[in-house]
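Here are the chains, one letter per residue:
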Amino acid sequence: MNWKLPFDIPLVVPTMGLPGWFFDTLGIIVFVVHIAFIYTLIGASTASVLYNITGVFKKSKTDDLLAYKMTNPTTISENMGALWGVAPLLVISVLYTGFFYTAILKVSPHILHIIYGNIFAFLLSYAYKFSWHSLHHHKGFHIAIGLVAVLTFYTLPPVFMSMSNLYLQPETFATVQNIWDMMLTPLTGFRLLNFFLTAFSFTGIVMIYLGVKWVKAGGEDADAGRLAIDQGKKWFMWAAPVNIAILPLVFFAFSPRISEAYIHTPFVFAPFAASVVLTILFFFLLKRFGTAEMNMGDATKAVVLMLVAVLLMATARHGIRVVSFEEPLKLQAEATEKYMTDVITEYKAYKEEMKNAPAVILDPAVSLADSKGCLACHSVDTALVGPSYKEVAAKGESADTLTASLKNGSTGKWGETPMPPQNVTDEEAKTLVEWVLKQK
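The notes below deal with the structure included here. As the structure is a computational prediction, the values presented were derived from the model and not from experiment.

Scoring rules and cut-offs
Residues numbered from 1 in each chain as written. Predicted model: local features only at pLDDT ≥ 70, side-chain atom pairs only at ≥ 80, totals over all residues. Heavy atoms only, no water. Helix = DSSP H or I, 4+ residues; strand = E, 2+ residues; numbered from the N terminus. Rg over C-alpha atoms; globule rule 2.2 N^0.38 Å. Areas by Shrake-Rupley, 256 points an atom, 1.4 Å probe, with all protein chains shown as cover. Lys, Arg positive; Asp, Glu negative; His and termini not counted. Charge placed at Lys NZ, Arg CZ, Asp CG, Glu CD. Polar contact = N/O pair within 3.5 Å; in protein donor to acceptor, adjacent residues only side chain to side chain. Contact = heavy atoms within 4.5 Å. Expected span 1.5 Å × (residues − 1). Core = buried A, V, L, I, M, F, W, Y, C linked by side-chain atoms within 4.5 Å. Buried < 20%, exposed > 50% of the residue type's maximum accessible area, 1.4 Å probe, protein only. Patch = residues over 30% accessible without salt bridge, like charges linked within 9 Å, V, L, I, M, F, W, Y side chains within 5 Å. Salt bridge = Lys/Arg side-chain N within 4 Å of Asp/Glu carboxyl O. Phe/Tyr/Trp six-rings, centres within 6.5 Å; stacked < 30°, edge-to-face > 60°.

## Topic: the overall build of the chain
- From N to C terminus, the chain includes 16 helices and 0 strands.
- Here the C-alpha radius of gyration of the chain, 35 Å, is well above what a compact globule of 440 residues would show, namely 22 Å.
- Summarising its shape, the C-alpha atoms of the chain cover approximately 110 × 60 × 35 Å along the three principal directions.
- Of the roughly 23100 Å² of accessible surface on the chain, 68% is carried by carbon and sulfur atoms.
- Of the side chains in the chain, 33 bear a positive and 33 a negative charge, and the two mean positions are spaced by 11 Å.

Printed below as a string of structure tokens:
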């Protein structure tokens with residue numbers, strides 16, 4: 001049977017029979033948890049360095065304290081973001097295995113920047129946090145550590161976004177040669193703008209929530225809390241309006257095939273709904289813009305509205321996946337069925353052929369040589385560890401000499417490699433020697 005290894009083996013989607021909506025819902029939930037921590041990581045690390053700098057120039061202890069306190073959500077979010085980042089990748093790899101890993105291969109080895117870039121940024125951010133007091137009199141150096149960590153964090157989303165845009169559009173597999181072909185597209189730029197604007201809006205809400213808690217704690221924390229509330233409102237209010245405007249447009253920046261199909265699905269309402277929720281949150285905070293302090297109830301409402309907006313964004317994003325892979329998954333299923341049918345047909349033909357084939361009768365001496373391990377060191381025509389049997393036969397030694405060599409071993413007859421004694425009976429030795437001498 002001529003087994004063939006296909007270049008691209010079609011894969012069955014390994015869902016164990018569980019319904020698609022289960023994986024859809026699971027994918028959205030784990031992505032929201034993951035992205036919430038990533039938004040906080042990006043925003044909090046930026047805020048910490050920013051207020052560290054303003055603290056130096058304004059000689060403000062409150063700015064300095066706020067910068068220090070923002071290192072906690074940074075390090076917590078980088079740990080949780082990385083931990084929860086595995087979950088959506090696993091869900092995606094189950095549903096869209098062939099497309100996901102093809103995209104990974106296309107953008108390799110640059111995709112590995114997600115690993116070493118994260119490690120580098122993690123180490124720097126921890127050094128920035130835990131050297132805060134020891135480097136208090138070396139602020140320039142300390143700020144440089146934090147700034148390099150933040151800039152490194154900023155290099156990670158473009159890499160991941162490029163891979164994500166690629167696997168969502170399998171029709172581009174044939175033309176994309178490397179990661180730069182995707183990173184430098186308008187789509188990636190558009191989605192990155194949406195990502196960072198959402199990250200800054202989200203961090204603004206986080207700062208408001210933490211600020212309310214710090215004000216409640218009193219002491220020096222209260223001053224940092226009031227500053228956090230004030231700055232959190234500003235972060236949200238400059239980033240959210242731009243995001244509200246571009247959010248419904250992001251999902252139409254994909255290929256015409258995806259954009260046109262997306263319009264005819266319920267998912268098309270999700271980005272508009274996210275913009276509405278962000279608008280409600282904008283006016284909610286606008287009413288409290290001049291208020292130095294907010295209560296926990298208002299802060300909680302702001303957090304809930306922000307999470308609803310992110311949930312709607314994640315739903316819209318998942319809608320792109322559903323639309324994008326509807327046709328490719330159908331083609332993949334057809335290819336899988338054809339592949340399995342071809343394999344079964346070929347296997348049945350092979351069984352039928354073997355049933356009607358004449359039995360192969362092997363020379364008993366060959367079977368004996370094989371069973372005694374002789375063929376591991378010798379072959380009929382070619383010298384291996386020892387000489388070929390044709391060479392042995394051509395040398396003209398008698399049957400008795402060969403039998404003695406076989407049973408007792410020999411040294412120096414064919415170079416320096418000795419032949420050890422073989423565990424054969426007299427009858428087996430006779431059969432083997434007669435067969436060897438026939439190979440002239």
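## Describing the side chain of His-142
- The topology assignment puts His-142 in helix H6 (residues 139-168).
- Within the local environment of His-142, its side chain forms a polar contact with the side chain of Asn-52, the two groups lying 3.5 Å apart.
- With sequence-adjacent residues up to four places away left out, His-142 is seen in contact with Asn-52, Tyr-128, Ser-131, Trp-132 and Leu-135.

## Remarks on the environment of Thr-403
- You can see Thr-403 is positioned in helix H15 (residues 399-408).
- Taking the C-alpha atoms as reference, Thr-403 lies 54 Å from Met-340; in sequence the two are 63 residues apart.
- In contact with Thr-403, not counting residues within four places along its chain, are Ala-429 and Val-433.

## A word on helix H8 (residues 186-217)
- For H8, which comprises 32 residues, the first-to-last C-alpha distance of 46 Å matches the rise-based estimate of 46 Å (1.5 Å per residue) to within 8%.
- Gly-218, located one to two residues past H8, shows a positive phi value of around 80°.

## Remarks on the nonpolar core
- If you look at the biggest cluster of nonpolar residues, it comprises 103 residues, and the most contacted ones within it are Tyr-167, Phe-236 and Leu-285.
- It is H8 that contributes the most residues to this core, 16 residues altogether.
- Not counting the four nearest positions on each side in its chain, Leu-285 is found in contact with Ile-205, Ile-208, Phe-236, Met-237 and Met-294.
- Cys-374, Leu-402, Val-433 and Trp-435 belong to the second-largest nonpolar core, a separate cluster that totals 14 residues.

## Notes on a nonpolar patch on the surface
- A cluster of nonpolar side chains, contributed by Leu-112, Ile-115, Tyr-116, Ile-119 and Leu-123, occupies part of the molecular surface with about 530 Å² of accessible area.
- Inspection of the secondary structure assignment puts Ile-119 in helix H5 (residues 113-130).

## Describing the packing of aromatic side chains
- All chains considered together, the criterion is met by 21 aromatic pairs.
- When the ring of Tyr-39 is compared with that of Phe-195, the centres are 5.6 Å apart and the planes differ by 50°; the resulting orientation is tilted. Separated by 156 residues along the polypeptide, Tyr-39 in helix H1 (residues 20-58) and Phe-195 in helix H8 bring together distant segments of the chain.
- You can call Phe-195 buried: its relative accessible area is 8%.
- With a centroid separation of 4.9 Å and an interplanar angle of 35°, the aromatic rings of Phe-99 and Phe-325 are classed as tilted. Taken together, the residues span a long stretch of sequence, with Phe-99 in helix H4 (residues 97-106) and Phe-325 in helix H12 (residues 296-356) at a distance of 226 residues.
- Judged by its relative accessible area of 0%, Phe-325 is buried.

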